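A look at the structure
The chain contents come next:
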Amino acid sequence: MPRLNENYLNVKDSYLFAEIARRVKVYEEEHPDKSANVIRLGIGDVTRPLTKSVINALHEAVDSQAVSETFKGYGPEQGYDFVRNAIAAYYAKNGVEVDPDAVFISDGAKSDTGNITELFAKDNTILIPDPVYPVYVDTNTMDGKNIIYMNGTEENNFLPMPDDSVKADIIYLCSPNNPTGACYTKDQLKAWVDYAKKNEAVILYDSAYEAFISEPELPRSIYAVEGAKECAIEFCSLSKTAGFTGTRFSYTVVPKELVFTSSNGTKMSVHDMWNRRQSTKFNGTPYIIQYAAAKVFTDEGMAECMENISYYKENARLIADVLSKKGIWFTGGVNSPYIWFKCPNDMESWEFFDYLLENAQVVGTPGAGFGENGKNYFRLTAFGSHEKTKEAMERFDRLF
Ligand SMILES: Cc1ncc(COP(=O)(O)O)c(C=O)c1O
């Protein structure tokens, strides 16, 4: 009999979205007259289709596979140079220098933020914010790693800062944040980089929502902070930037400067380790997808994506306006598709979920699903249509 990885016994059931679906189904069955009215503002998935440049490129790439001269078999595990160079050029446009060799193409920030745990030994102390995107907690729990939490609260605007009394080896940061929509400033990221360097820690920086940042002084990459290449890995994705949630394309930057000393004194390059890991366990993102993804990074391609992002951000503004008018505390919405607010009347988040569904037929995401500190908060997303978002917020406005 195989001995199983019993750490899986410690992974909590991922019941958040299943429980939301269950409660909505029960409500719809009990109120068939109202079921057509239900508006879903809970999902973290995009609704706008792929852009014209991407669709044209996908067609072109598919056709190229029908001709032996342009047919592609296995590609480089790290990704094709044409797209790694395009990503480095995209960083440069945002004022950050990244070596194309440090860019690894993948099929999702979820896979990479999960798989990266393999590079680190079991006895590391992992610092994870609460509330948080659940993948960081679950993947480290599967590995049997020691997790400590840092509190996101209203007082710190759900942006926990380093605490010198805590000694961590690996730190997860996500900015703009899912679920809170909060975004670190450059000074705050510098404090994290300083902490990491002082403690010889590594920062795993999830920047999947960087394209939603519109305030120019906010950093879109941790590498905007000097010295970050010596202590940080950055994860990015086209899922929300370009609507690739179903198409699948992401990239991870593992700088060559990221070098730590092993127990026997050997210098180990994290870049080389990740390269070895990917070359061994991954055979690359499909050529067709990489070809289309490269178009996202052209001026025309990015302008089209920005139109979709502006569309979502207009929804975020509609949501934020109503919350402001009602005097409800919230964060996010400006540089992010997520709005995170305090449940009115001291309700707990599942109680508020039921209340909103019953009385306004609006579905959101209870903050409790993202951690203990979320239990009195609620997430709405801007990924719906203008019409539905407006209608949902008019109902919300009438309710409170
Ligand atoms: C913070 C964060 N990181 C990563 C991901 C996953 O991205 P991908 O679709 O590239 O796997 C998500 C998706 O919701 C996310 O919210």
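Note that the coordinates shown come from a computational prediction; the quantities given were computed from them, not determined experimentally.

The next point concerns the overall build of the chain. When its secondary structure is counted, the chain shows eleven helices and 15 strands. For the chain, whose C-alpha radius of gyration is 22 Å, the value lies close to the compact-globule estimate of 21 Å for 400 residues. For the C-alpha atoms alone, the extent of the chain along its principal axes is close to 60 × 55 × 55 Å. For the chain, the residues scored as buried account for 54% of the 400 residues in total. Relative to all contacts within the chain whose residues are 6 or more apart in sequence, the contacts with residues 24 or more apart total 72%. Carbon and sulfur atoms make up 50% of the accessible area of the chain, which totals about 18,100 Å². The distance from the centre of the 41 positive side-chain charges to the centre of the 56 negative ones in the chain is 1 Å.

A few words on the site of the ligand. Close to the ligand lie 14 residues; Asn178, Asp206, Tyr209, Ser237 and Ser239 are nearest. Note that an oxygen atom of the ligand is positioned 2.8 Å from one of the backbone N or O atoms of alanine 109. Between the ligand and arginine 248, the relevant distance is 2.8 Å, taken from an oxygen atom to a side-chain nitrogen or oxygen of the residue. For the ligand, whose accessible area on its own is 390 Å², the fraction buried by protein is 90%.

Before going further, it helps to spend a moment on helix 9 (residues 299-326). The terminal C-alpha atoms of helix 9 lie 40 Å apart, and with 28 residues this matches the ideal 40 Å at 1.5 Å per residue to within 8%. Residue glycine 327 follows helix 9 closely and has a positive phi angle near 70°.

The next subject is the domain arrangement of the chain. According to the domain assignment, the chain contains domain 1 (6-49 + 302-399) and domain 2 (52-300). The gap between the C-alpha centroids of domain 1 and domain 2 is 26 Å. The interface is formed by 34 residues belonging to domain 1 together with 44 residues belonging to domain 2. For the pair domain 1 and domain 2, the summed buried surface comes to about 3,200 Å²; carbon and sulfur atoms form 56% of the total. Our enumeration of links across domain 1 and domain 2 arrives at one salt bridge. At the surface where domain 1 touches domain 2, the tally comes to 22 residue pairs in polar contact (both at pLDDT 80 or more). Elements with a minimum of two residues in the side of domain 1 that touches domain 2: helix 9, strand 11 (330-332), strand 12 (338-342) and strand 15 (377-381). Broken down by element, the side of domain 1 that touches domain 2 gets its largest block of residues, eight residues, from helix 9. Each residue belonging to the side of domain 1 that touches domain 2 can be placed in one class, and the counts come to 17 nonpolar, eleven polar and six charged.

Pairing is antiparallel in the open sheet, where four strands are placed in the order 11-12-15-14. The open sheet has two edge strands, strand 11 and strand 14 (365-366), and neither has a second partner. Bridging between strand 14 and strand 15 involves two bridges; their strand directions are antiparallel. The residue bridging proline 366 from the neighbouring strand is phenylalanine 378, located in strand 15. Docked against the sheet, helix 10 (residues 349-360) engages strand 12, strand 14 and strand 15, running at close to 50° with respect to strand 15.

The subject of this paragraph is the packing of aromatic side chains. This structure, assessed with the given rule, holds 33 aromatic pairs. Ring geometry for tryptophan 192 against tyrosine 195: centres 5.7 Å apart, planes inclined by 80°, an arrangement best described as edge-to-face. Here tryptophan 192 and its partner tyrosine 195 are both found in helix 6 (residues 186-198), three residues apart, which amounts to about one turn of the helix. In terms of burial, tryptophan 192 and tyrosine 195 fall into one category: buried. Relative to phenylalanine 297, the ring of tyrosine 251 has its centre 5.9 Å away and its plane inclined at 75°; by these criteria the two rings are edge-to-face. Of this pair, tyrosine 251 sits in strand 8 (residues 250-253) while phenylalanine 297 sits in the loop between helix 8 (287-296) and helix 9, and the two are 46 residues apart along the sequence. Of the two residues examined, tyrosine 251 and phenylalanine 297, each falls in the buried class. Taken together, the aromatic side chains of Tyr209, Phe212, Tyr311, Tyr312, Tyr338 and Phe383 make up a single cluster linked through ring pairs. One cation-aromatic arrangement involves lysine 72 over tyrosine 287; the distance from NZ or CZ to the ring centre is 5.2 Å.

Reading the values: rules and limits
- Residues numbered from 1 in each chain as written.
- Predicted model: local features only at pLDDT ≥ 70, side-chain atom pairs only at ≥ 80, totals over all residues.
- Heavy atoms only, no water.
- Helix = DSSP H or I, 4+ residues; strand = E, 2+ residues; numbered from the N terminus.
- Rg over C-alpha atoms; globule rule 2.2 N^0.38 Å.
- Buried < 20%, exposed > 50% of the residue type's maximum accessible area, 1.4 Å probe, protein only.
- Contact = heavy atoms within 4.5 Å.
- Areas by Shrake-Rupley, 256 points an atom, 1.4 Å probe, with all protein chains shown as cover.
- Lys, Arg positive; Asp, Glu negative; His and termini not counted.
- Charge placed at Lys NZ, Arg CZ, Asp CG, Glu CD.
- Near = heavy atom within 4 Å.
- Polar contact = N/O pair within 3.5 Å; in protein donor to acceptor, adjacent residues only side chain to side chain.
- Expected span 1.5 Å × (residues − 1).
- Domains from an automatic or database assignment.
- Buried area = accessible area lost by both parts, 1.4 Å probe.
- Salt bridge = Lys/Arg side-chain N within 4 Å of Asp/Glu carboxyl O.
- Nonpolar A, V, L, I, M, F, W, Y, C, P; charged D, E, K, R; others polar.
- Pairing = 2+ DSSP bridges.
- Axes fitted to C-alpha atoms, helices over the stretch in contact; angles between N-to-C directions.
- Phe/Tyr/Trp six-rings, centres within 6.5 Å; stacked < 30°, edge-to-face > 60°.
- Lys NZ or Arg CZ within 6 Å of the ring centre and 35° of its normal.

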